[in-house]
Amino acid sequence: MQVNIIRLFFYNYKSSIKNTIRTFLPLGRILFLVFIVASANLFSQKFENLALTPPMGWNSWNKFACNVNEKLIREMADAMVSSGMKDAGYQYINIDDCWHGKRDSLGFIQPDPERFPSGMKALSDYIHSKGLKFGIYSDAGWNTCGGKPGSRGYEFQDAMQYAKWGIDYLKYDWCNTEALNAEGAYLTMRNALYSAGRPIVFSLCEWGNNKPWDWGKNVGHLWRTIGDITNCFDCVVDHGTWKSWGVMYILDLQDGLRVHAGPDHWNDPDMMEVGNGMFVNEDRAHFSMWCLLAAPLIAGNDLTNMSKETKEILTNKEVIEINQDSLGIQGFKYSARDSLEIWFKPLIKGDWAICFLNRSNRLQKISFDWKEEMVADSLSGRETNFSSVAYKTRNLWTKKELGTTKKILNDEVPGHDVLLLRLIKME
Ligand code: GLA
């Protein structure tokens with residue numbers, strides 16, 4: 001009797017465990033799946049350390065707009081090497097809008113078969129064989145700004161395709177994104193890129209509408225702070241529903257943003273217009289200011305057809321050093337008087353860059369008595385008192401030593417031009 005009771009107890013016990021398992025098995029499965037999906041997002045992140053200094057490269061949009069094809073892109077890669085730009089630090093060859101064909105029957109995006117008959121993998125291999133990196137463009141919305149297929153709803157598939165093609169850099173635009181939340185949309189693509197497993201620089205091109213500097217640091221490596229640049233020094237071009245901005249307008253709109261920039265997360269005031277039609281002095285000022293801003297240096301001109309001056313501007317290594325300084329501190333405006341602005345940028349080893357920017361179109365004389373100036377940057381905690389610390393002064397455009405900060409600087413700056421110096425700390 002006692003034995004039977006014990007058997008019955010164990011029978012009931014076992015069957016209630018079985019029932020419990022049966023009841024909860026589907027729930028367990030669901031929870032497991034939820035865990036997998038959640039952890040894909042939970043453990044997703046941006047690929048770190050891909051842009052410890054501002055990215056340098058070339059992009060097709062400013063010069064060629066939708067007229068892109070594989071021949072052009074190969075020629076640009078060749079020219080980046082033969083012009084000395086690669087040696088100067090430029091790495092990325094980026095195709096902007098309009099490379100797209102259709103999605104295949106499974107939804108994978110394909111390049112336009114007429115413009116890119118060899119396919120993206122072959123182009124990518126070519127660019128990599130030159131020691132360069134390959135960038136591509138998409139959009140968070142249904143369509144790109146040029147009306148090509150966007151990534152909305154296809155983010156993970158597109159990321160897989162880019163990884164398969166060997167892409168190194170993605171510029172992700174913001175056209176046709178009605179009803180999307182910017183941070184959410186960019187996070188989705190960030191996670192998609194991470195899941196695809198290939199380290200890709202993620203460039204957010206959201207034009208600053210939703211303050212990407214407030215949330216972009218963990219999402220991407222750079223974010224556009226403004227709409228599109230245009231190739232003039234201080235004009236605004238009204239296109240009806242949108243405007244494009246000259247170099248000085250863009251510069252002014254960077255005010256207050258430097259606190260958000262640093263290694264691996266940069267403010268992007270848009271790709272450069274150097275060599276696209278401004279005067280040489282204006283190109284020089286534009287390039288100098290992008291270096292002072294620690295902006296990504298993405299050339300936007302025809303690299304196969306550069307004037308000597310354009311090439312000299314884009315490949316000036318000492319100016320590029322200001323931009324690529326490993327501290328990664330964005331420069332700041334120190335003073336502004338009579339259209340003459342003075343900008344400073346702290347550099348490694350206690351050096352500084354100083355740039356006199358003449359925004360007027362007449363020549364301006366400079367008389368700068370260092371000892372009267374006290375430069376203090378509360379952001380980086382760096383300051384200099386020229387009465388107690390002396391610097392050698394080197395003009396980075398003429399490549400000449402000017403003297404030291406012990407003596408008053410007497411010089412001049414032509415209209416729409418700069419005087420850019422490196423202050424080299426004396427022991
Ligand atoms: C937007 C971007 C530009 C360029 C074009 C392409 O306007 O801001 O930089 O990518 O789209 O259509």
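The sections below set out a description of the structure shown in this document. (Residues numbered from 1 in each chain as written. Predicted model: local features only at pLDDT ≥ 70, side-chain atom pairs only at ≥ 80, totals over all residues. Heavy atoms only, no water.)

Under the definition given, this model contains three disulfides. Through a disulfide, Cys-145 is tied to Cys-175; the S-S separation comes to 2.1 Å. Because the torsion about its S-S bond is 100°, the bridge between Cys-145 and Cys-175 counts as right-handed. Of this pair, Cys-145 sits in the loop between β5 (133-139) and α6 (155-165) while Cys-175 sits in the loop between β6 (169-173) and α7 (182-196), and the two are 30 residues apart along the sequence. On the accessibility criterion, Cys-145 (39% relative accessible area) is partly exposed. Across the disulfide from Cys-232 sits Cys-235; the S-S distance is 1.8 Å. Here the disulfide of Cys-232 and Cys-235 is left-handed, its torsion about the S-S bond being about -100°. (Disulfide = S-S within 2.5 Å. Helix = DSSP H or I, 4+ residues; strand = E, 2+ residues; numbered from the N terminus. Buried < 20%, exposed > 50% of the residue type's maximum accessible area, 1.4 Å probe, protein only.)

Let's shift gears to the sheet that holds strand β15 (residues 352-358). Reading across from one edge, β13-β14-β15-β22-β19-β20 is the order of the six strands in this open sheet, with antiparallel pairing throughout. Of all the strands in the sheet, the pair left with one neighbour each is β13 (332-337) and β20 (400-404). Mean inter-strand twist for the sheet, computed between neighbouring axes without regard to direction, equals 25°. In the sheet, strand β14 (residues 340-346) pairs with β15 via seven bridges, with the strands oriented antiparallel. By the bridge assignment for β15, Trp-343 is matched with Cys-355. (Pairing = 2+ DSSP bridges. Axes fitted to C-alpha atoms, helices over the stretch in contact; angles between N-to-C directions.)

Residue Trp-207 is not a glycine yet carries a positive backbone phi of 65°. Structurally, Trp-207 is set in the loop between β7 (201-204) and α8 (212-215). Residue Trp-207 is classed as partly exposed on the basis of its relative accessible area of 22%. Although it is not a glycine, Lys-349 adopts a positive phi angle of roughly 60°. Along the chain, Lys-349 falls in the loop between β14 and β15. Residue Lys-349 is classed as exposed on the basis of its relative accessible area, which comes to 73%.

What follows deals with the site of the ligand. Surrounding the ligand, one finds 13 residues, the nearest of these being Asp-96, Asp-97, Lys-171, Asp-173 and Asp-228. Here an oxygen atom of the ligand and a side-chain polar atom of Asp-228 are 2.5 Å apart. The cavity that encloses the ligand is the largest pocket. Looking at the shell around the ligand, its residues break down into six nonpolar, one polar and six charged. (Near = heavy atom within 4 Å. Polar contact = N/O pair within 3.5 Å; in protein donor to acceptor, adjacent residues only side chain to side chain. 1 Å grid on protein atoms, 1.4 Å probe; cavity = no way out; pocket = protein on both sides within 12 Å on 5 of 7 lines; lining within 4 Å. Sits in = over half its atoms within 2 Å of the grid points. Nonpolar A, V, L, I, M, F, W, Y, C, P; charged D, E, K, R; others polar.)

The buried fraction of α6 amounts to eight of the 11 residues, a majority that puts the element mostly inside the structure. Buried residues in α6 make contact with β3 (100-103), β4 (109-111), α5 (120-129), β5, β6 and α7. Phi turns positive, to about 85°, at Gly-166, one or two residues after α6. (Contact = heavy atoms within 4.5 Å.)

A few words on the layout of surface pockets. In this structure, the largest pocket encloses a volume near 420 Å³. Lining the largest pocket are 21 residues; nearest its centre among them are Cys-145, Cys-175, Trp-207, Asp-228 and Trp-242. Counting only elements with at least two residues in the lining of the largest pocket, the list comes to β6 and β10 (243-245). The class makeup of the residues in the lining of the largest pocket is 10 nonpolar, three polar and eight charged. Empty space within the second largest pocket amounts to approximately 270 Å³. Considering the residues around the second largest pocket, the lining is formed by 15 residues, among which Arg-337, Leu-340, Ile-342, Ser-367 and Phe-368 are closest to the centre. Mapped onto the lining of the second largest pocket, the elements with two or more residues apiece are β13, β14 and β16 (364-368). Counting residues per element, the lining of the second largest pocket draws most heavily on β16, which supplies five residues. Residue classes in the lining of the second largest pocket are distributed as six nonpolar, three polar and six charged. (Points joined across faces, edges and corners; volume = space filled by probe spheres on them.)

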